[in-house]
Amino acid sequence: MKKNGIIILLICAGLAGCAGGKKGVQPTSPYQRAPIVEVTEEELSNDSSLIDATMQQLLGNQEESLERYRALLRKSPKYAAAHFGIGKLFFSMGWLDSALYHTKTACQLDNSNHWYKIQLASIYEHTRDEKNLTATWETLVSQYPDETDYYYSLSNAYLLAGDVPKSIEALDRVEKRFGVTEAVSLQKQKLWNAIEKPEKARKELEKLAEAIPTEPRYSAILAESYMQEKNYAKALQYYTQIYENNPENEAAPISLASCYLAMGDMHNAYRYLRRGVLLTGGECRYKMVYISEFLRNQKFFASYSRKCFLLADTVASRCTENDGYTMVYGQMLAAQERYEEAVTQFKAYIKTDKSQYAAWEALLISEERANMDQGMLLEDARQASELFPLHLRPYLILARGYLDRGDCKQANFYIERCLMIAPKEDAVKQLNQQIKQRCQ
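Residues numbered from 1 in each chain as written. Predicted model: local features only at pLDDT ≥ 70, side-chain atom pairs only at ≥ 80, totals over all residues. Heavy atoms only, no water.

Enquirer: I'd love a proper account of the packing of aromatic side chains, names of residues and values included.
Expert: Each aromatic ring pair is specified by the distance between its two centres and by the angle formed by the two planes. The final tally for this structure, using the stated rule, is 17 aromatic pairs. On the basis of an interplanar angle of 50° and a centroid distance of 5.7 Å, the ring pair of W137 and Y150 is categorised as tilted. Of the two residues, W137 is situated in helix 7 (residues 130–143) and Y150 in helix 8 (residues 148–160); the sequence distance between them amounts to 13 residues. The exposure class of W137 is buried, given its relative accessible area of 10%. Ring centres of Y357 and F388 lie 5.3 Å apart, and the angle between their planes is 70°; this geometry places the pair in the edge-to-face category. (Phe/Tyr/Trp six-rings, centres within 6.5 Å; stacked < 30°, edge-to-face > 60°. Helix = DSSP H or I, 4+ residues; strand = E, 2+ residues; numbered from the N terminus. Buried < 20%, exposed > 50% of the residue type's maximum accessible area, 1.4 Å probe, protein only.)

Spelled out as structure tokens, the structure:
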């Protein structure tokens, strides 16, 4: 009962708002009548009946509500709020023709109430009457030019009608009135892309990047787009803007360095790479990956490999083994033939993740090339062979190691595994021959 009392008070407040209303002001309630000077007894009686019919509708008593609306309209056929209410009831019941008739009547009787037109638009949308749908939203936009949501609804209406240019034009009107906004520009970008006009779509992003220079997303999208087109000068413009506004964000100098690398400017490529990886914060593994990726460029490697290896050492000195960088750093050390140091990094990586065969193979190769203790090499090869029984290298190392130790039984055991995996491999054939000769 208390809840119903609150609803009645709200409806009454909407009706009471009619008296003394100002012309041109949007009604605050769907049931609010056009402004009047005096409230007669008949009007008060109508308002009371409207509240009663509306309450029955809210309570789910559709038949009772419908009868009371009809009784009210028989008494006052020009009562706009009653036509709106019964139209809303018919709409909820799926009686669209009746809902349309009464809602149109409500709009004709009170042209100033935007709620009536919004309901009319909803009915047109359900009946797929795109022509009247767009016309209704055009009227609302014209009457209430400061309501931004109406422009969006108008744009959507044109979109439903399949008229994308008109949909975009509706959003242009929002922009002219209120300035560049994220929601409008992004929607226009999608629409331009939908009709295969990528240049116009990009213009929308350019406007956003210019209007909100401190927001890096739009500049980043534009920069990446220009990078794909190999328009490095334009990409550099946006990457520079991102960096100037976000110099402490690791991605900003790295992206700028990548652009300089693509342009062939190795000096600035290294300069911004160094700034990026030496920033505090960020994950060590990504810093190592950045350095490794830049070293893939032959021209960059020729000029800056030594500095990059020193840079990697500096990064490593600031990290712990659990930071996930050890695999990449180990590969970089191995590339410099610093195999003993590489072994330490690969072992650190395997301590945290034994599931990657590449790490085990890199470890075994580095141990072989560093001429490290054979016992350790064989133990690591044994673990690798148990974890990855279909890979050849661990078995080769084990077969060769046991042959060197004079253990023919174990050498034969592991060479048989090699022959099962890769019988035509030259290294397998040669080692098999050596075992036969020495273990007759």
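Enquirer: Give me the state of the cysteines: which residues, what numbers.
Expert: With the rule as written, the count across this model stands at two disulfides. The disulfide partner of C408 is C439, and the gap between their sulfur atoms is 2.1 Å. Handedness here is read from the sign of the S-S torsion; for C408 and C439, about -80°, the answer is left-handed. Placement of C408 in helix 23 (residues 408–421) and of C439 in the segment after helix 24 (426–438) is noted, with a sequence separation of 31 residues between them. Residue classification places C408 among the partly exposed positions, given a relative accessible area of 25%. According to the relative accessible area criterion, C439 is partly exposed, its value standing at 22%. Shown here for the protein is a disulfide pattern of 1-2, 3-4, where each number marks a bonded cysteine counted in sequence order. As a non-bridged cysteine, C308 has C319 as the owner of its nearest cysteine sulfur, 16 Å distant. Sulfur of C418: no disulfide; nearest cysteine sulfur belongs to C439 and is 14 Å away. (Disulfide = S-S within 2.5 Å.)

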